[in-house]
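Residue-level listing of the chains:
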Amino acid sequence: MLPDELTAPEAREHAVRAEEDLLTARHAVRADAVAAGFSIVDQTKIVTAASELVRNAYIHGGGGTMTIAPVRDLRGRVGIALSVRDEGPGIEDVELAMTDGFSTGAGLGHGLGGTRRLVDEFTIDTTPGEGTTVTVVRWKP
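Calculation criteria
Residues numbered from 1 in each chain as written. Predicted model: local features only at pLDDT ≥ 70, side-chain atom pairs only at ≥ 80, totals over all residues. Heavy atoms only, no water. Helix = DSSP H or I, 4+ residues; strand = E, 2+ residues; numbered from the N terminus. Buried < 20%, exposed > 50% of the residue type's maximum accessible area, 1.4 Å probe, protein only. Contact = heavy atoms within 4.5 Å. Core = buried A, V, L, I, M, F, W, Y, C linked by side-chain atoms within 4.5 Å. Expected span 1.5 Å × (residues − 1). Phe/Tyr/Trp six-rings, centres within 6.5 Å; stacked < 30°, edge-to-face > 60°. Lys NZ or Arg CZ within 6 Å of the ring centre and 35° of its normal. Pairing = 2+ DSSP bridges. Axes fitted to C-alpha atoms, helices over the stretch in contact; angles between N-to-C directions.

Bringing the side chain of Asp42 into the picture now. Relative to the helices and strands, Asp42 resides in helix H2 (residues 40-59). Taking relative accessible area as the criterion, Asp42 reaches 7% and is therefore assigned buried. Sequence-distant contacts of Asp42, that is, excluding residues within four places in its chain, are made with Arg138 and Pro141.

Written as structure tokens, this is what we have:
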């Protein structure tokens with residue numbers, strides 16, 4: 001779900017059910033970033049954030065969906081919003097999960113904290129046993 005203050009008439013959902021879906025999600029985000037006129041650096045940041053979030057949904061949440069939308073706020077800023085949702089086990093301790101170096105898997109533990117640093121807005125909604133939704137926005141400078 002995207003924040004209410006954003007308008008996103010062109011939101012699209014992408015399933016995250018198989019490893020191939022990770023690449024499809026990255027390509028979709030890159031295409032939207034190019035269409036929005038993002039610089040190569042800003043394209044890389046939003047694509048990397050998307051990659052981390054969909055990989056987490058796939059590996060830790062058993063799959064889910066990514067909603068991607070070009071957005072415009074009330075001030076006219078242009079950006080890209082991503083919302084990645086899974087129905088996995090949820091996150092028991094969000095603060096700990098956001099700490100660099102913490103991982104429940106084989107990764108380096110930079111996923112959520114690193115993602116937060118790559119975007120302008122970051123929210124996480126999780127309920128243990130019910131799943132997690134992470135919503136991010138990267139604004140075009």
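Having put the structure on the table, let's press on.
For the rest of this paragraph, the subject is the nonpolar core. Formed by 25 residues in total, the largest nonpolar core has its most connected members in Val29, Ile46, Val54, Met66, Ile80, Leu82 and Val136. Broken down by element, the residue count for this core peaks at 7 residues, all from H2. Apart from residues lying up to four places away in sequence, Val54 is in contact with Val16, Leu22, Ala25, Met66 and Val84.

Between its first and last C-alpha, H2 extends 28 Å over 20 residues, near the 28 Å set by a 1.5 Å rise per residue. Residues of H2 that are buried include every one of Asp42, Gln43, Ile46, Val47, Ala49, Ala50, Ser51, Leu53, Val54 and Ala57, and no others.

The next subject is the packing of aromatic side chains. Two aromatic rings are characterised by how far apart their centres lie and by the angle between their planes. Applying the stated rule across the entire model yields 0 aromatic pairs. When the ring centre of Trp139 is taken as reference, the NZ or CZ atom of Arg77 above it lies at 4.2 Å.

Right, let's get into the sheet that holds strand S5 (residues 131-139). Taken in spatial order, the 5 strands of this open sheet run S1-S2-S3-S5-S4, and their pairing is antiparallel. Strand pairing shows two members of the sheet lacking a second neighbour, strand S1 (12-16) and strand S4 (121-127), which therefore form its edges. The sheet shows a mean angle of 15° between the axes of neighbouring strands, taken without regard to direction. Sheet topology places strand S2 (residues 64-72) next to strand S3 (residues 78-86); 9 bridges connect them, and they run antiparallel. Along S3, the bridge assignment pairs Ala69 with Ala81. Packed onto the sheet, H2 meets S1, S2, S3 and S5 and runs at close to 10° relative to S3.

Purely geometric numbers; function is a separate question.
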